[in-house]
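Fold and contact review
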Amino acid sequence: MTASPVTSPALVLTTGEPAGIGPELALLAAEDWQGLAASVVAVGDPELLEARARELSLSVTLDVCTPGEAIAPAVNGRLPVWPVGLRAPSHAGRLDPANAGYVLETLDVAIAACRRGQADAMVTAPLHKGAIIEGGHPGFTGHTEYLRDACGVEEVVMMLATERDGRTFRVALATTHLPLQQVSAAITPDGLTRVIRVLVSELQSRFGIEAPRLLVCGLNPHAGEDGHLGREEIEIIGPALTRLRELGIDIVGPLPADTLFTPRHLDAADAVLAMYHDQGLPVLKYAGFGRAANITLGLGMVRTSVDHGTALDLAGSGLADVGSLRVALDVARQMATRVN
Ligand SMILES: NC(=O)c1ccc[n+]([C@@H]2O[C@H](COP(=O)([O-])OP(=O)(O)OC[C@H]3O[C@@H](n4cnc5c(N)ncnc54)[C@H](O)[C@@H]3O)[C@@H](O)[C@H]2O)c1
Ligand SMILES: N[C@H](C(=O)O)[C@H](O)COP(=O)(O)O
């Protein structure tokens, strides 16, 4: 059955780590939605949000409502909220792992709303992974993996996107949140094949790119220097890409990562696949920090997030930049408008 396009999607926005900048960014976005053609509801503790609005003299009225009510179109100066109660009092800049369950509950509420079709997309403000782990969830590594498990899918892909010289610059990751020491072992032919299939399929269905061209990074310096500086390119990455090319996927690589991120290569590509977090994301964030969105592909629903973390050093100061949250909201709106 062909899905019908949604013209003004409903977005559910989780407000993230309560001691971080997430709550104030949700309020800042709501002060002026900048014409966002969507309905939006935030998920979080209303008293916390009220307190942050007061402390920062933000002119936002909270409308506390329940998930039973329809999500209302975004109106400047108003923030509808589905209430979730803090587990412990929260102070800007001071983490308390006792609130780990609160943060995860906000995610569960948003996931449930998307899965039952009440929301068309979820947008997440930053959480603090360490606080969740210390709060009794030792296996937690990030939204991406939590959402993968909650949605019951085998593979998801983290992709960050920003605008660069009038084009969209996208960087996806073959591996996400794991120690560097474990990266090489985590790169397998099957894993790479699954990641690239998800990436290609979602670039087609969610972004309307009929035949995406991918650039794939090598893992080692100079893509292994013909095996003299590492053999993953010869034994794992290269053969996996060859098989995918035989299936008709347009892939270039493995290329040396140090020179892949130059206009000559990037201008002809729809996305870059980096082998690990800090191979790809520093480049993307250098190009567009504060103007990028983090997108989880392969969930069967739309999820976007900001390009930054909890910024505990800025929480409560009013100095945090709301730019990336605005981009994350708008990318979610666009994705939910294209496919639902
Ligand atoms: N989407 C997410 O949930 C997400 C994304 C990235 C990091 N994190 C988590 O956030 C926590 C802190 O991570 P970190 O310290 O590496 O990165 P961070 O992004 O919180 O902070 C890095 C630097 O960027 C600045 N910064 C961040 N957001 C900003 C904003 N909106 N405006 C202006 N300056 C901003 C901070 O002040 C700090 O100097 C970690 O637990 C990390 O895992 C979460
Ligand atoms: N890797 C992300 C970044 O650097 O922006 C960040 O840690 C958030 O990841 P999740 O969306 O999985 O929490």
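None of these values were measured; they are calculated from a predicted model.

**Here's the deal with the packing of helix α1 (residues 22–31) against helix α2 (residues 46–55)**
- Viewed as axis vectors pointing N to C, α1 and α2 meet at an angle of 70 degrees, and their least axial separation amounts to 9 Å. Taken together, the axis directions place α1 and α2 in an arrangement best described as roughly perpendicular. Between α1, through Pro23, Glu24 and Leu27, and α2, the contact on the second element is made entirely by Leu48, Leu49, Arg52 and Ala53.
- When the residues that make up the contact of α1 with α2 are grouped by side-chain class, the tally is five nonpolar, no polar and two charged.

**Some details on the UniProt feature "binding site: substrate" (unreviewed entry) in the chain**
- Under the present numbering, the feature "binding site: substrate" (unreviewed entry) in UniProt falls on His143, Thr144, Lys285, Asn294 and Arg303.
- Along the chain, His143 falls in helix α5 (residues 143–151).
- For His143, a count of 25 C-beta atoms within 10 Å corresponds to the buried category.
- Every residue in contact with His143, bar those within four places of it in the chain, is listed here: Thr124, Leu127 and Ser305.
- Among the structural elements, Thr144 can be located in helix α5.
- According to the C-beta neighbour criterion, Thr144 is buried, with 21 such atoms within 10 Å.
- If near-sequence neighbours (up to four positions away) are discounted, Thr144 is found in contact with Val156, Met158, Thr176 and Thr296.

**Looking at the sheet that holds strand β12 (residues 302–305)**
- The sheet built from 12 strands is open, its strands ordered β3-β4-β2-β1-β5-β12-β11-β6-β7-β10-β8-β9 with mixed pairing. The open sheet terminates on both sides in strands that have one partner only, identified here as β3 (61–64) and β9 (250–255). Sheet twist, expressed as the average angle between the axes of neighbouring strands with direction ignored, equals 30 degrees.
- Summarising the sheet, strand β11 (residues 293–297) and β12 pair through three bridges and their orientation is antiparallel. Each residue of the ladder has a partner; that of Asn294, found in β12, is Ser305.
- Against the sheet, helix α8 (residues 232–246) contacts β8 (213–217) and β9, and its axis sits at roughly 170 degrees relative to β9.

**As for the UniProt feature "binding site: a divalent metal cation" (unreviewed entry) in the chain**
- Per the UniProt record, the feature "binding site: a divalent metal cation" (unreviewed entry) sits at His177, His222 and His277. The greatest C-alpha distance among the annotated residues, which extend across 101 residues, is 23.6 Å, indicating that they are dispersed rather than converging on a single site.
- Summarising the element assignment, His177 is placed in the loop between β7 (167–173) and α6 (183–186).
- Apart from residues lying up to four places away in sequence, His177 is in contact with Thr141, Gly142, Glu145 and His277.
- For His277, the location among the structural elements is in helix α11 (residues 277–288).
- In this structure His277 touches Leu173, Thr176 and His177, once residues within four positions along its chain are discounted.

**Here's the deal with the environment of Ala150**
- Following the sequence through the fold, Ala150 ends up in helix α5.
- Residue Ala150 is classed as partly exposed on the basis of its 16 C-beta neighbours within 10 Å.
- The sequence separation of Ala150 and Asp108 amounts to 42 residues, and the corresponding C-alpha distance is 8.3 Å.

Cut-offs applied
Residues numbered from 1 in each chain as written. Chains lettered and ligands numbered in written order. Predicted model: local features only at pLDDT ≥ 70, side-chain atom pairs only at ≥ 80, totals over all residues. Axes fitted to C-alpha atoms, helices over the stretch in contact; angles between N-to-C directions. Helix = DSSP H or I, 4+ residues; strand = E, 2+ residues; numbered from the N terminus. Parallel < 35°, antiparallel > 145°, perpendicular 65-115°, else oblique. Contact = placed C-beta atoms within 7 Å. Nonpolar A, V, L, I, M, F, W, Y, C, P; charged D, E, K, R; others polar. UniProt positions renumbered as here; feature names shortened; annotations may be inferred. Buried ≥ 20, exposed ≤ 12 C-beta atoms within 10 Å, placed from the backbone. Pairing = 2+ DSSP bridges.

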